Amino acid sequence: MLLSWMLSDNWLMHVPARLADILLMSVTVWLASRWCQTRQRSYRRALLVSVVNAVLGAAMFALFVWVRDTGAVPWRGPLWLPEMFLLLQTVVVLVLVLAFYHGNGWRSLGAALTALLLTGALEAGLIAGLSLVLPNAAGA
């Protein structure tokens, strides 16, 4: 989610970033549903959650770009928009997983939290890897 925001400075980069986000989220939701032993463990359901998340995320991205470009909200610092986007996108993912896996009781909450933790860990690893590789690639 954060990686797609960072890679999405314009709409041409937003589509590949969202596709990568769909793949990453579907795999993590699928792994979380299997690990938490929910009744709906199919990859199709995880992919559906990820696609709905991507559509809502793209709409939110458009809203945040509009806010950034028009100044509709008073500027509160350089990281305010990405932080708000990440917070809202995290809540959306949590609600979507809870909604799509609602018949599993507490396991749906476990699957939602596990999916968020897996996604956060994967994105932190990717961002850390990019921050190590990109500064060295600039000098080559």
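So, here is what we can say about the structure in this document.

In this structure, P82 sits in helix α4 (residues 80–100). Between the alpha carbons of P82 and F61 there is a distance of 9.8 Å; along the sequence they are 21 residues apart.

It is worth spelling out α4 at this point. Along an α-helix, a turn takes 3.6 residues, which lines up residues three or four apart on a common side. The end-to-end C-alpha distance of α4 is 30 Å, a good match for the 30 Å that 21 residues give at a rise of 1.5 Å each. Along α4, the residues classified as buried are L81, P82, F85, Q89, V92, V93, L96, V97 and F100. Axial view of α4: buried residues confined to an arc of 125 degrees, hence all on one face.

Turning our eyes to something else, we now look at the packing of aromatic side chains. One pass over the full model with this rule turns up 1 aromatic pair. With a centroid separation of 6.2 Å and an interplanar angle of 80 degrees, the aromatic rings of W30 and Y43 are classed as edge-to-face. Here W30, found in helix α2 (residues 11–35), pairs with Y43, found in helix α3 (residues 43–70); they are 13 residues apart in sequence, far enough to count as distant. With relative accessibility at 28%, the residue W30 sits in the partly exposed group. R45 extends its terminal NZ or CZ atom over the ring of Y101, reaching a point 6.0 Å from the ring centre.

Moving on, we come to a nonpolar patch on the surface. Taken together, the side chains of L23, V27, L31, Y43, L47, V51, V55 and L118 present a nonpolar region at the surface, about 620 Å² in accessible area. Residue assignment for the nonpolar patch shows that the elements contributing at least two residues are α2 and α3. If one sorts the elements of the nonpolar patch by residue count, α3 sits on top with 4 residues.

Nonpolar side chains in soluble globular proteins tend to end up buried together. In this structure, V29, V49, V97 and Y101 are the most contacted members of the largest nonpolar core, which totals 23 residues. Elements supplying a minimum of two residues to this core: α2, α3, α4 and α5 (106–138). Setting aside residues no more than four positions away along its own chain, V49 makes contact with V29, L96, V97, F100 and Y101.

Another aspect to go through is a positive patch on the surface. A surface patch of positive charge is lined by R34, R39, R41 and R107. Note on placement: R107 falls in helix α5.

Thresholds applied
Residues numbered from 1 in each chain as written. Predicted model: local features only at pLDDT ≥ 70, side-chain atom pairs only at ≥ 80, totals over all residues. Heavy atoms only, no water. Helix = DSSP H or I, 4+ residues; strand = E, 2+ residues; numbered from the N terminus. Expected span 1.5 Å × (residues − 1). Buried < 20%, exposed > 50% of the residue type's maximum accessible area, 1.4 Å probe, protein only. Arc of directions from axis to C-beta. Phe/Tyr/Trp six-rings, centres within 6.5 Å; stacked < 30°, edge-to-face > 60°. Lys NZ or Arg CZ within 6 Å of the ring centre and 35° of its normal. Patch = residues over 30% accessible without salt bridge, like charges linked within 9 Å, V, L, I, M, F, W, Y side chains within 5 Å. Areas by Shrake-Rupley, 256 points an atom, 1.4 Å probe, with all protein chains shown as cover. Salt bridge = Lys/Arg side-chain N within 4 Å of Asp/Glu carboxyl O. Core = buried A, V, L, I, M, F, W, Y, C linked by side-chain atoms within 4.5 Å. Contact = heavy atoms within 4.5 Å. Lys, Arg positive; Asp, Glu negative; His and termini not counted. Charge placed at Lys NZ, Arg CZ, Asp CG, Glu CD.

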